[in-house]
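Below, each chain spelled out in residue letters.
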Amino acid sequence: MTCEQYQMQIAQLFDNELRGEESSTVFAHLGACSECRDFFQASLQVRAELMNAETITAPDELDDRMRGAGLIPTEQTFSRKTSIWDLRIVFPLPTAASIALLLIIGSLFVAPALFHDSQPRQEFPPDVLQLVPVELRTPRP
Ligand SMILES: [Zn+2]
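Remember, predicted model here, so these are calculated numbers, not experimental data.

Q: Looking at this model, I keep getting lost on the overall build of the chain. Mind explaining?
A: Within the chain one finds 6 helices and 0 strands. Starting at the N terminus and walking to the C terminus, you meet the elements of the chain as α-α-α-α-α-α. The buried share among the 141 residues of the chain stands at 3%.

As structure tokens, this is what we get:
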């Protein structure tokens, strides 16, 4: 992999988009490559400065001009609809624990039905087993 590809993965690492083995590969490369290490430190510094930067608010006249050009919706079209994903269901802790316990106990009753072995085990007569080569036979406990 090239240093450019590692540097793209470093950016993904900061965004928590890398899996465990990918991030360990990146860290192993960082231990060996000073160019990528410099990139990593510069990225860290930029992110830290962005975190500490003041929030910049666009002037109202810019908002008006953008609205006039139709680039952002007008105030009337901003009607707020409540999505089902905005709803929150809140239970007291003992109630939530009881529900979780009931689900766990219920799954114990459902699980055997899901994993029931529908076909009975096939028993072979002893003379058929003699046809299997000795190397392939598993010893009986
Ligand atoms: Zn590198």
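Text resumes after the structure shown.
Q: Explain the environment of Arg 67 here, please?
A: Within the secondary structure, Arg 67 sits in helix H4 (residues 60-68). Using a count of 14 C-beta atoms within 10 Å as the deciding quantity, one classes Arg 67 as partly exposed. With near-sequence residues (within four places) excluded, Arg 67 lies in contact with Ile 72 and Thr 74.

Q: What exactly am I supposed to notice about the packing of helix H1 (residues 3-14) against helix H2 (residues 20-32) here?
A: Any two packed helices are characterised by the angle at which their axes cross and by the distance between the axes. Two elements in contact, H1 and H2, have axes separated by 10 Å at closest approach and are oriented at 125°. In terms of orientation, H1 lies oblique with respect to H2. Two packed elements cross with a definite hand, and for H1 against H2 that hand is left-handed. Residues Tyr 6, Gln 9, Ile 10 and Leu 13 of H1 lie in contact with H2, whose contacting residues are Glu 22, Ser 23, Val 26 and His 29.

Q: Whenever I open this one, H1 confuses me. Can you help?
A: The α-helix winds at 3.6 residues per turn, so residues separated by three or four positions along the chain end up facing the same way. The end-to-end C-alpha separation of H1 is 17 Å, in line with the 16 Å expected for 12 residues at 1.5 Å each. In the stretch just after H1, Asn 16 is the one whose phi turns positive, near 60°.

Q: So what exactly am I meant to see when it comes to unusual backbone geometry here?
A: Trans is the prevailing form of peptide bonds, just as negative phi is the prevailing case for residues other than glycine. Positive phi outside glycine occurs at Asn 16, with the angle close to 60°. Topologically, Asn 16 is positioned in the loop between H1 and H2. What makes Asn 16 exposed here is the crowd of 7 C-beta atoms within 10 Å.

Q: For this particular structure, what's the right way to read H2?
A: The first and last C-alpha atoms of H2 sit 19 Å apart over 13 residues, in line with the 18 Å expected at 1.5 Å per residue. Counting buried positions over the 13 residues of H2 gives 1, only a small fraction of the element.

Q: How should I be thinking about the confidence of the model for the chain in this particular structure?
A: When pLDDT drops low, the exact placement of atoms in the prediction is not to be read closely. Summary statistics for the chain give a mean pLDDT of 83 and a share of 89% for residues scoring 70 or more. Within the chain, the element-level pLDDT minimum falls on helix H6 (residues 126-129), averaging 78, and the maximum on H1, averaging 93.

Q: Quick question: what am I supposed to make of the packing of H1 against helix H3 (residues 34-52) here?
A: Following both chains from N to C, one finds H1 and H3 inclined at 30°, their axes separated by 10 Å at the closest point. The orientation of H1 with respect to H3, classified from their angle, is roughly parallel. The handedness of the crossing between H1 and H3 is right-handed. Facing Cys 3, Tyr 6, Gln 7, Ile 10, Ala 11 and Phe 14 of H1, the residues of H3 in contact are Glu 35, Cys 36, Phe 39, Phe 40, Ser 43 and Arg 47. The residue makeup of the contact of H1 with H3, split by class, is 8 nonpolar, 2 polar and 2 charged.

Criteria and thresholds
Residues numbered from 1 in each chain as written. Predicted model: local features only at pLDDT ≥ 70, side-chain atom pairs only at ≥ 80, totals over all residues. Helix = DSSP H or I, 4+ residues; strand = E, 2+ residues; numbered from the N terminus. Buried ≥ 20, exposed ≤ 12 C-beta atoms within 10 Å, placed from the backbone. Contact = placed C-beta atoms within 7 Å. Axes fitted to C-alpha atoms, helices over the stretch in contact; angles between N-to-C directions. Parallel < 35°, antiparallel > 145°, perpendicular 65-115°, else oblique. Left-handed = near helix turned anticlockwise from the far one by under 90°. Expected span 1.5 Å × (residues − 1). pLDDT = per-residue confidence, 0-100. Nonpolar A, V, L, I, M, F, W, Y, C, P; charged D, E, K, R; others polar.

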